[in-house]
Amino acid sequence: MVSSPTATPAFVRLAAHPIRWRLLTELATGDHRVRELVDLVAQPQNLVSYHLRELRRGGLVTARRSTFDARDSYYHLDLERCAGALADTGALLHPALRLSPAPPSPSAASARPPVVLFACTGNSARSPIAEALLRHHAAGRVEAASAGSHPRARLHPDVVRVLRERHGIDVSDQRPRHLDTLAGRRFDYVVSLCDKVREVCPSFGTRSRKVHWSIPDPAAPDPAAPDSPASGGSLAGRDEEARHLAFDRVVAEIDTRIRYLLPVLTSQEVSS
């Protein structure tokens, strides 16, 4: 998204349209399907779809097929791309206006730390990754937990590997747990990272804010791979190298989302 010094910056052209700005602000809070965005912005579906295509063409929004219903897609705002576009836009106006992210605001002393629950199906990959990364980046300013609708017996070994290699975090002693074990707990945010668990995640009170991140399961077989069951092959899953790459990509994506969620959490006072 590069603009000449005299042209209106591409980000401004995209974001200045009222409907596109509404879509951007809604997607900034989490991933949504088209029909949800139609309700949120109160515009016809054909108009919403048109503006989503424009945002995708501009590189600000991406789409990913739902793993719950393949007829659906979840739209996701690339906050890293937006941050870069905003910085470039400021610099085009004046070099001193190049923006840099503001540091997270400290929580008020009288407020308790926000409490966040991450949920996925098996609680063996995506949700424990998110829990570990939020704990790591928050440094005590936020409390985090994770659970699953159908927890596995243990964490996936690649979760342990990649968190240790990339972030120096040791989760080798952590075990998956069921969402039911957290019944009665109070959470300020409930973040689903799995399209399937989004449909069955229980309520944790009227004050809990639900957010959805549509993230693929890095441990799932790749339907496009020649050895996957979906392609008619006799071998299940991916080879080791491809699986490691899948986990590396998912950890990097979750880490980006966590870094942009943290300033939202720490800028809000939470009453005890």
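Up top you'll find the structure we're talking about.
These numbers come from a predicted model, not from an experiment.

### Quick notes on the overall build of the protein
- A count of helical and extended segments in the protein gives nine helices and six strands.
- Buried residues in the protein amount to 45% of all 272 residues.
- Considering only contacts within the protein whose residues lie at least 6 apart along the sequence, 65% involve residues at least 24 apart.
- Carbon and sulfur atoms form 53% of the exposed surface of the protein, whose accessible area is close to 14300 Å².

### Section: the sheet that holds strand β6 (residues 209–212)
- On the basis of which strands lie adjacent, the open sheet formed by four strands has the order β4-β3-β5-β6 and parallel pairing. Each having just a single partner strand, β4 (143–148) and β6 make up the two edges of the open sheet. Direction aside, the axes of adjacent strands within the sheet are offset by 20 degrees on average.

### So, the environment of Leu 163
- With respect to the helices, strands and loops of the structure, Leu 163 is situated in helix α7 (residues 157–167).
- Accessibility expressed as a relative area gives 0% for Leu 163, which makes it buried.
- Considered as a pair, Leu 163 and Phe 247 are 84 residues apart in the sequence and their alpha carbons are 9.8 Å apart.
- Setting aside residues no more than four positions away along its own chain, Leu 163 makes contact with Ile 129, Ala 132, Leu 133, Gly 168, Ile 169 and Val 171.

### Notes on the packing of aromatic side chains
- Within this structure, the stated rule accounts for two aromatic pairs.
- On the basis of an interplanar angle of 45 degrees and a centroid distance of 6.1 Å, the ring pair of Phe 118 and Trp 213 is categorised as tilted. In this pair, Phe 118 sits in strand β3 (residues 115–120) while Trp 213 sits in the loop between β6 and α9 (240–266), placing the two residues 95 residues apart along the sequence. The two residues Phe 118 and Trp 213 agree in class, both being buried.

What counts, and where the lines are drawn
- Residues numbered from 1 in each chain as written.
- Predicted model: local features only at pLDDT ≥ 70, side-chain atom pairs only at ≥ 80, totals over all residues.
- Heavy atoms only, no water.
- Helix = DSSP H or I, 4+ residues; strand = E, 2+ residues; numbered from the N terminus.
- Buried < 20%, exposed > 50% of the residue type's maximum accessible area, 1.4 Å probe, protein only.
- Contact = heavy atoms within 4.5 Å.
- Areas by Shrake-Rupley, 256 points an atom, 1.4 Å probe, with all protein chains shown as cover.
- Pairing = 2+ DSSP bridges.
- Axes fitted to C-alpha atoms, helices over the stretch in contact; angles between N-to-C directions.
- Phe/Tyr/Trp six-rings, centres within 6.5 Å; stacked < 30°, edge-to-face > 60°.

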